[in-house]
Amino acid sequence: MTVHFIGAGPGAVDLLTLRARDLIASSPVCLYAGTYVPPEMLELCPPGARLVDTADLSLSQIVDEMIAAHGEGLDVARLASGDLSVFSAVAEQMRRLDEAGVPYDLCPGVPAYGAASAVLKRELTVPTIAQTVTLTRIAAVATPMPDAEGLSKLTAAAGTLVLHLSVHRIEEVVEAIEHVHGPDAPAAVVAWASRENEIVLRGPLSTMPDAVREAGITMAAVIIVGPALAAEHFPDSHLYSDSRPRHSSRTDQA
C-alpha cells in the first residue's frame, strides 16, 4: 500500500500529468482539498472509491484516514492543488507518515504560478530584464514567516515577485512592496487559472487593490509583479542566438 501525494495542478483536469491520472484511477481511497480540487477531477477515481474532502479536517484527521487505509492495504491518492513543491502542506503529512511507518511517494503537478504565467502569455524570466523569480506569501493569519523572509525584506531582490495565498490581503501586499517596485510597476492577478471561471487582472501595481475588490476575488489567485510582465525590448537568449557558435551533434564517418 502507498499514499500517493499528487499535485493536482491549477484545476483543469486535462492539466493533470498522465502519471497523476493513472494514480488516481488506481487508488480506492482519495483524499482531496475540496476548496480547490474540482468535482470533475474526482470522476477519474475508480468506481466505489472512498472520497474524503479534507477542507475541514485537521492534520491529525487527515493522517488518520491514511493510516486507516494503510491498515486495509488500500492505496491512497492524496490530491493537493498546484504542485507539491510549494505551499502544499505536504511536509508535515510526510513527517507523520514516517512516524507511522506508512509508505508514500510524490507526483508533481502544474504549479499555480505556471498556469498564471501561461494565461498572461508572459515568461517570468526575460533576458536582461528579470532572471530571478521569488515565490512567497504574506503572513496575515497563516503560519508566521521566518524572520529573514518578511515580504518587505524580499522586495529589494531583482526579478519577478510571485505571491500565493495573499490576494485576500492585497492592500497589505501593495503597501509592503510599492515603495520598492513603484506604484506603476507592471502587475497582474490571476484567479482560478485554467478553469472556466478564470479571472485575469492587469495593470499598474497601485490599481490592483481596487481591481481585486471589484472582481470579487478572495482566494485561489496568484499575484505577479515585475518588469517581465511588460518586457518588449530585450535581446534573444544566448542559447538560441544567431551569434552563438554551433557544433554539430552528428559524427561524420568516412
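In this text, all values refer to a predicted model and were calculated from it rather than measured experimentally. (Residues numbered from 1 in each chain as written. Predicted model: local features only at pLDDT ≥ 70, side-chain atom pairs only at ≥ 80, totals over all residues. Heavy atoms only, no water.)

Looking at the nonpolar core
Then comes step 1: In terms of nonpolar packing, the biggest core is built from 23 residues, with V189, I217 and I223 touching the most fellow members.
Then comes step 2: Contributions of two or more residues to this core are made by β7 (160-163), α6 (170-181), β8 (186-191), α7 (208-215) and β10 (221-225).
Then comes step 3: At four residues, the largest contribution of residues to this core is made by α6.
Then comes step 4: Not counting the four nearest positions on each side in its chain, I223 is found in contact with L161, V162, L163, S166, V167, I170, V173, A188 and V189. (Core = buried A, V, L, I, M, F, W, Y, C linked by side-chain atoms within 4.5 Å. Buried < 20%, exposed > 50% of the residue type's maximum accessible area, 1.4 Å probe, protein only. Helix = DSSP H or I, 4+ residues; strand = E, 2+ residues; numbered from the N terminus. Contact = heavy atoms within 4.5 Å.)

A short note on the environment of L163
Then comes step 1: Its place among the elements puts L163 in strand β7.
Then comes step 2: Along the chain, L163 and V222 lie 59 residues apart, while their C-alpha atoms are 5.8 Å from each other.
Then comes step 3: Those residues in contact with L163 that sit more than four places away from it in its chain are T136, R137, I138, L151, V173, A221, V222 and I223.

What to know about the sheet that holds strand β3 (residues 50-53)
Then comes step 1: Within the open sheet, the five strands sit side by side as β3-β2-β4-β1-β5. Their pairing is parallel. One side of each edge strand has no neighbouring strand; the edge strands of this open sheet are β3 and β5 (104-107). Each adjacent strand pair in this sheet contributes to an overall mean axis angle of 20°, direction not counted.
Then comes step 2: The pairing of strand β1 (residues 3-7) with strand β4 (residues 76-80) spans five bridges and is classified as parallel. When the bridges of β4 are listed, H4 appears paired with A77.
Then comes step 3: Each of β1, β4 and β5 touches helix α1 (residues 18-26); the most contacted strand, β1, lies at about 140° to it. (Pairing = 2+ DSSP bridges. Axes fitted to C-alpha atoms, helices over the stretch in contact; angles between N-to-C directions.)

Details of the sheet that holds β8
Then comes step 1: With respect to topology, five strands assemble into an open sheet ordered β6-β7-β10-β8-β9, the strand pairing being mixed. Both edges of this open sheet fall to β6 (133-136) and β9 (199-204), since each of them pairs with a single strand only. Between one strand axis and the next, the sheet turns through 15° on average, direction left out of account.
Then comes step 2: In terms of strand pairing, β6 meets β7 through four bridges, oriented parallel. Within β7, the position partnered with T134 by the bridge is L161.
Then comes step 3: On top of the sheet, helix α4 (residues 112-120) reaches β6, β7, β8, β9 and β10; it is set at about 65° to β10, its chief contact.
Then comes step 4: Together, β8 and β9 form the strand contacts of α7, whose direction differs from that of β9 by roughly 160°.

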